[in-house]
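# Residue-level structure breakdown
Here is how the chains run, residue by residue.
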Amino acid sequence: MQQAPERYVGKAVRRREDPRFLTGRGVFLDDRNLPGQLHAHFVRASQAHARILGVDVEPALAVPGVVRVLTAADLGGQVRPIPWVRRPPEPGAELPGQSAPPAPLPPLKLLTDDVVRWAGEPIAVVLAESAAAAADGAEAVEVAYDPLPAVCLVEEAVAEGAPALHEGFPDNCPFRTRYKGGTPEAAFEAAPHRLRRRLVNHRVAPFVMEPRGVLASYDPHQETLDIWISTQRPHHSRLMYGQVLGLPEHKIRVSAGDVGGAFGAKEPMYPDEAVVAFASKAVGRPVKWVEDRTEHFLATTHGRDQVADLEVAFDDDGVITAMRGRVFGNMGAYLYPNSYGTISGRTGPLLPQSYRMGSIDVEVVGVFTNTTPTGPYRGAGRPEATYYTERLIDEVAAELGLDPAEVRRRNYVPVEAMPWRTPTGLEYDSGDYAKALDLALAEIGYQTVRELQRTGAGDGRLIGVGIGSYVEIGGVTPSALAPLEGSPGLWESAHVKVHPSGKVAISLGTCGHGQGHETTFAQIAADALGLPYDDIAIIYGDTETSPFGFGTFGSRSAAVGGTAILMACRKVIEKARRRMAYLLEADEEDVEQVPGGFQIKGMPSTRISFAELAAKALMLTKPLPDGEDPGLDAIAYFDPPNYTFSSGTHACVVEVDRETGKIEITDFVAVDDCGTVINPLVAEGQVHGGVAQGIAQALYERIVYAPDGQPMTASLMDYAVPNARQMPAIRTASVSSPTPVNPIGVKGIGESGAIGSTPAVVNAVMDALRQVGVEHLDMPLTPERVWAAITSAGSSGPVGPVG
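What comes next concerns the included structure. (Residues numbered from 1 in each chain as written. Predicted model: local features only at pLDDT ≥ 70, side-chain atom pairs only at ≥ 80, totals over all residues. Heavy atoms only, no water.)

A few words now on the sheet that holds strand β7 (residues 142-147). Ordered by their spatial adjacency, three strands build an open sheet running β5-β2-β7, and the pairing between neighbours is antiparallel. Edge positions in the sheet fall to β5 (115-116) and β7, since each has one partner strand and no second. Two strands pair when backbone bridges link them, and strand β2 (residues 50-56) and β7 are joined in this way by six bridges, in the antiparallel orientation. Bridging across to β7, arginine 51 finds its partner in aspartate 146. (Pairing = 2+ DSSP bridges. Helix = DSSP H or I, 4+ residues; strand = E, 2+ residues; numbered from the N terminus.)

Printed below as a string of structure tokens:
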């Protein structure tokens, strides 16, 4: 009797990537060097808004080791602006709910030569024999400015008389998108209660272990360009390089290698990354640039930075019937290739969250300011939408004197209503929101905490408990829905190569940067092929060795890339069954897959191992039938019919010292639903990392600008990235609602931790502070801010029990 094969999907397999990372054998961008390479260092704007009167590069050329200095004049006519991946409609065009810009969008130039619009915008690049000489040369370049008025905050940028950043945009608004569904006017008219709040989701930096970097080498004889870049999207980077530099794609090779974190910030093409490739072509030598930490704060896209003015209508039971208002998104000085989709494709559509809210009328508005451009950051618009709605849910509960957990339960979309169409047009695939809430409350000991809150901690500390339920879009972006995002459809492909030994190499277009792809993808393939996990190799990150794909972002790798692998493996199995039938002169329907091989049904003596069949499929002894090719290789593509929608509830308990404002998280549990869990160990690690970033935004991290646009948090001396000691013990649990969108049933998990955690923490703190009369605070909830609020409230006793 055949032994059942070991199943890998659902098993906590240790990550196969980790040994090389933990022993220092990973190969990251800065580990790569080429003979004869030059080092690049950028001259960046020291003013947030100013006309450039002149750029003097002669002092830099006198610095020993400096070879050349490139300015915008050297690029003139030889490069094109960086194209947009997601963009608003063209002027004069209209899409449902979207207003076309009043003028063509300002192009994203590689180097600026007329007006600088944020402190950090690249003006020139110095090429030298060493990194130190390049830095010295950049310091020697003299730039003369004529300062202009600057504006950094969205509400100031849209105010009457604010300085305009770009011609044709007098109100500094490059796009407006309106989400209207149901009957919002009637719902507000009929509602016995309304509640309106201004909510700020402040700017943060996507702090990564490995900053951005590029090593480019142009061969003038072959007219080829080799690029090593720390990126989430190798194939897309190649496409961008080709368009910007005017080179055909088959002449460009892009390789990512190991990538030390990205969080969305390594998704777009940046001006400096394109300049490095141009510089190699211009000087005929390899050019290397690695961003330093200050550059990372100045030049890499920031995340979040939205201000919402939202109102909800609700009844006496706390059931919300409608939402209306406006969300302003700070886009920074320019729209980067994918900035538009963060707020218009994610924040706006997801405002209904996990609730049955039937009507909505919300406008999201992009705003130019004299700040570093913003872009995707772990969650990319989803954490913002969740934060607004979850804060409003708690405010509704407080307004009515109801338990916030019960208000959520009354508003959830019931599991039997799935699939659920939201008033913003999304169709949720599956989810059991009440089950996740119940599990989170049980894990946190909700009623016990509430009782302790009523009786007091005994030492005067304020106890609070907070909940953050969420729904997030994943598996982006189905071709059928792409036009609504101003985006192309983002399918994925996988190529399964079967060697004569029966070992398998699978290459695909997604590109891991810490998620454990080499492990989880091999688990999917091992189960589909009936092979040992160690017989599967996963290859990605190089345009020369992997099929075209769109990369890793938007919680799409497992849902889209993993499904492409499964489909390709199924093609291999079908091909193997046909080959087995041909060899044994049997009917294909009689051939069955068994552990490690194939046999005729009911005839174990006919068993041929997968390795034997792989060899026979390549080493032919007779001609193949028409239409059949040698070998068992297969390629497959997957374009999902819909997004996937992960969900969950995070719960947090805090203690607040009323004398100092210090917040201690005493308990935190994350309950997440990502459908089928491929690897619980990897999933838990993803949640832990996301929760840490969500807590960091709630309590610590914040990018700050002075009124003149000068960054005040451009180093780790000023920007508070929390360390391990400042993180609580994070507990995880899960529920499972497999998606019907793909055959694996998998949804995303990489961004979930950063989505549910922030509102859970803020709601917990506000739950504690409400006892002393503090109704609302904006993040980050620093001790200073909390202490000032407690002092201002002027009360030391509880206002009353919650719920």
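We now examine the sheet that holds strand β22 (residues 536-539). Read from one edge of the open sheet, four strands run β22-β21-β20-β26, paired in mixed fashion. Single-partner strands in this sheet number two, and they are β22 and β26 (634-638). Between one strand and the next, the sheet's axes are offset by a mean angle of 20°, whatever the strand orientation. Sheet topology places strand β20 (residues 492-498) next to strand β21 (residues 504-508); five bridges connect them, and they run antiparallel. If you follow lysine 497 over to β21, its bridge partner there is alanine 505. Contacts between helix α16 (residues 557-584) and the sheet are confined to β20, β21 and β26, with β26 contributing the most and set at about 145° to the helix. (Axes fitted to C-alpha atoms, helices over the stretch in contact; angles between N-to-C directions. Contact = heavy atoms within 4.5 Å.)

Right, let's get into empty space enclosed by the protein. Counting across every chain of the model gives four cavities of 30 Å³ or more. Of the pockets and cavities examined, the largest cavity occupies roughly 80 Å³. Lining the largest cavity are Arg304, Asp305, Gln306, Gly329, Asn330, Met331, Ser339, Thr342, Ile343, Thr374, Gly375 and Glu384. Contributing elements (two or more residues each) for the lining of the largest cavity: β14 (303-314), β15 (320-332) and α10 (339-347). When the residues that make up the lining of the largest cavity are grouped by side-chain class, the tally is two nonpolar, seven polar and three charged. (1 Å grid on protein atoms, 1.4 Å probe; cavity = no way out; pocket = protein on both sides within 12 Å on 5 of 7 lines; lining within 4 Å. Points joined across faces, edges and corners; volume = space filled by probe spheres on them. Nonpolar A, V, L, I, M, F, W, Y, C, P; charged D, E, K, R; others polar.)

Tracing the backbone shows asparagine 370 in the loop between β16 (359-368) and α11 (382-400). Within the structure, the side chain of asparagine 370 is placed 3.0 Å from the backbone oxygen of arginine 117, a separation counted as a polar contact. Those residues in contact with asparagine 370, other than ones at most four positions away along the chain, are Ala48, His49, Arg117, Trp118, Pro149, Ala150, Val151, Cys152, Leu165 and Gly709. (Polar contact = N/O pair within 3.5 Å; in protein donor to acceptor, adjacent residues only side chain to side chain.)

Looking at where aspartate 113 falls in the secondary structure, it is placed in the loop between β4 (98-99) and β5. Owing to a relative accessible area of 48%, aspartate 113 belongs among the partly exposed residues under this scheme. Placed 42 residues apart in sequence, aspartate 113 and threonine 71 show a C-alpha to C-alpha distance of 7.7 Å. (Buried < 20%, exposed > 50% of the residue type's maximum accessible area, 1.4 Å probe, protein only.)

Further remarks concern the pattern of salt bridges. One pass over the full model with this rule turns up 53 salt bridges. Put simply, aspartate 18 and arginine 15 hold a salt bridge, and the shortest N to O gap is 2.8 Å. Among the residues examined, aspartate 18 registers a relative accessible area of 24% and is labelled partly exposed. For glutamate 273, the salt bridge is made with arginine 212, and the minimal N-O distance between the two is 3.1 Å. Taken together, the residues glutamate 273 in helix α8 (residues 271-283) and arginine 212 in the loop between β9 (193-204) and β10 (213-219) connect sequence positions 61 residues apart. Just as glutamate 273 is buried, arginine 212 falls in that class too. When salt bridges with common partners are traced through the structure, they connect Arg44, Arg212, Asp272, Glu273, Glu291 and Glu295 into a single cluster. (Salt bridge = Lys/Arg side-chain N within 4 Å of Asp/Glu carboxyl O.)

Attention now goes to the packing of aromatic side chains. Overall, the coordinates contain 18 aromatic pairs when judged by the stated rule. Measuring from ring centre to ring centre gives 4.8 Å for phenylalanine 175 and tyrosine 340, while their planes differ by 90°; the resulting arrangement is edge-to-face. Remark: tyrosine 340 occurs in helix α10 and phenylalanine 175 occurs in strand β8 (residues 175-181); sequence separation between them is 165 residues. For tyrosine 340, a relative accessible area of 2% corresponds to the buried category. For the pair tryptophan 491 and tyrosine 637, a centre-to-centre distance of 5.7 Å together with 75° between the ring planes defines the contact as edge-to-face. Of this pair, tryptophan 491 sits in the loop between β19 (462-474) and β20 while tyrosine 637 sits in strand β26; the two residues are 146 residues apart in sequence, bridging distant segments of the chain. Following the ring pairs from residue to residue traces out a cluster consisting of Trp491, Phe548, Phe550 and Tyr637. Between the NZ or CZ atom of lysine 281 and the centre of the ring of tyrosine 218, over which it lies, the distance is 5.5 Å. Lying across the ring of phenylalanine 188, arginine 324 places its NZ or CZ 3.7 Å from the centre. (Phe/Tyr/Trp six-rings, centres within 6.5 Å; stacked < 30°, edge-to-face > 60°. Lys NZ or Arg CZ within 6 Å of the ring centre and 35° of its normal.)

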